[in-house]
Amino acid sequence: MTTTSTARSTVPRGATAGPRPLAWGRRYLLVDPAHFRVDYAINPFMDLADQPDPARVREQWDGLVRALVEAGAEVEVLAGRPDSPDMVYAMNLGLVVDDRALVSHMRYPQRRREQASATPWFAGQGLRPVHVGRDGVGPHLEAGDAFAFGDALVVGYGPRTEELALKHLATELDVRVRGLRISHPSMYHLDLAFCPLDETRAMVCPAAFDDASAAAALAIVPEPLVLTEEEALTFCANSVVVGTTVLMPACPARVRRVLEGWGFDVVLLELGELHKGGGSVRCLTNPLDVRRGRDLPSVPGGEVLLP
Ligand code: ARG
């Protein structure tokens, strides 16, 4: 495996102050893992010959719920569907901002049945479901590609989310969208290569993007924790941050040194069985508490910025 040549010094720019915690990330939707299987292969990690063991899946997923609660987060659980073996990756069900749920329009038809359960769940929570496309018509949008960070909604596009969806997101939500083109086949969602840590810091793997987007990604983050390709492929960016606690499936020693040096606590979780579908901590959790104004500036009419 090669390590990226675009990774630069890990020494953060400027003074190293303690974390300025994100206001969001205190309430999550998870999907019960009872129906998790590998029935098809839509990303490079999925192998039909390597099926998850249900008892270990349950144990590992329970451990994730426990760790979220211990870190101070609230957890909502939606039942999975027997016809949707990937539904456990709740991050992709939709993007919740204020009282709206931008319902994902999955690239692969195998995942589109999930919305038959997710959309009514959002509505039942008082969230207004908004569709940018559905049932194969309209642009694809997968919520694992979108994060509020800094002055914008940062959105990865290419493997899953389509560029056209960025425009819909910006106008529907009245926000600025900063698009990043993903080019790495194994980092097919933004949440495998980008993880907001606090108001000015995020993990970023430039090797996930084309050159212009790699530069744009680094410019978006005042103090980036730059990951090599090899580091990112441990799924370490697929982590969740609750206040100053980082819940991680893996943490290379160098990454841990930087995080702890900044004042974060690292909690490592064993999620190997869930990795068989190609996702980890972040993919399994969907934040429900992102607010415009607080976490994401309002930009009337919306705006899309591409590298
Ligand atoms: N098997 C799922 C898929 O390929 C994994 C989703 C991982 N989720 C994520 N947010 N990256 O769609």
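Residues numbered from 1 in each chain as written. Predicted model: local features only at pLDDT ≥ 70, side-chain atom pairs only at ≥ 80, totals over all residues. Heavy atoms only, no water.

Undergrad: Summarise the confidence of the model for the chain; cite the residues concerned and give the values.
TA: Mean pLDDT for the chain: 95, with 95% of residues reaching 70 or above. Predicted confidence is poor over residues 1–14, with pLDDT under 50, and the contacts of this stretch with residues over four places away or in other chains come to 26 contacts. (pLDDT = per-residue confidence, 0-100. Contact = heavy atoms within 4.5 Å.)

Undergrad: Account for the pattern of salt bridges, with residues named and values stated.
TA: Per the stated rule, a full pass over the model turns up 23 salt bridges. Close ionic contact of Glu74 with Arg27 constitutes a salt bridge, the shortest N to O distance being 3.8 Å. Placement of Glu74 in strand β2 (residues 74–78) and of Arg27 in strand β1 (residues 27–31) is noted, with a sequence separation of 47 residues between them. Assessed through its relative accessible area of 23%, Arg27 is described here as partly exposed. (Salt bridge = Lys/Arg side-chain N within 4 Å of Asp/Glu carboxyl O. Helix = DSSP H or I, 4+ residues; strand = E, 2+ residues; numbered from the N terminus. Buried < 20%, exposed > 50% of the residue type's maximum accessible area, 1.4 Å probe, protein only.)

Undergrad: Any details on the sheet that holds strand β11 (residues 223–226)? Residues and values, ideally.
TA: On the basis of which strands lie adjacent, the open sheet formed by 3 strands has the order β9-β10-β11 and mixed pairing. The sheet is open, and its two borders are formed by β9 (194–196) and β11, each paired with just one other strand. Taken pair by pair, the neighbouring strands of this sheet meet at an average axis angle of 20 degrees, ignoring direction. By the bridge criterion, 4 bridges tie strand β10 (residues 201–204) to β11 in an arrangement that is parallel. Opposite Ala202, over in β11, you have Pro224 as the bridge partner. Most of the contacts of helix α6 (residues 253–262) go to β11, to which it runs at about 155 degrees, and overall it touches β10 and β11. (Pairing = 2+ DSSP bridges. Axes fitted to C-alpha atoms, helices over the stretch in contact; angles between N-to-C directions.)

Undergrad: Just give me the short version of the site of the ligand, but keep the residues and values in it.
TA: Arg111, His189, Asp191, Gly277 and Cys283 are the nearest of the 16 residues found near the ligand. In this structure, Asp86 approaches the ligand through a side-chain N or O atom, which is 2.9 Å from a nitrogen atom. Contact between the ligand and Asp191: a nitrogen atom at 2.6 Å from a side-chain N or O atom of the residue. Class assignment of the residues belonging to the shell around the ligand gives a composition of 6 nonpolar, 6 polar and 4 charged. (Near = heavy atom within 4 Å. Polar contact = N/O pair within 3.5 Å; in protein donor to acceptor, adjacent residues only side chain to side chain. Nonpolar A, V, L, I, M, F, W, Y, C, P; charged D, E, K, R; others polar.)

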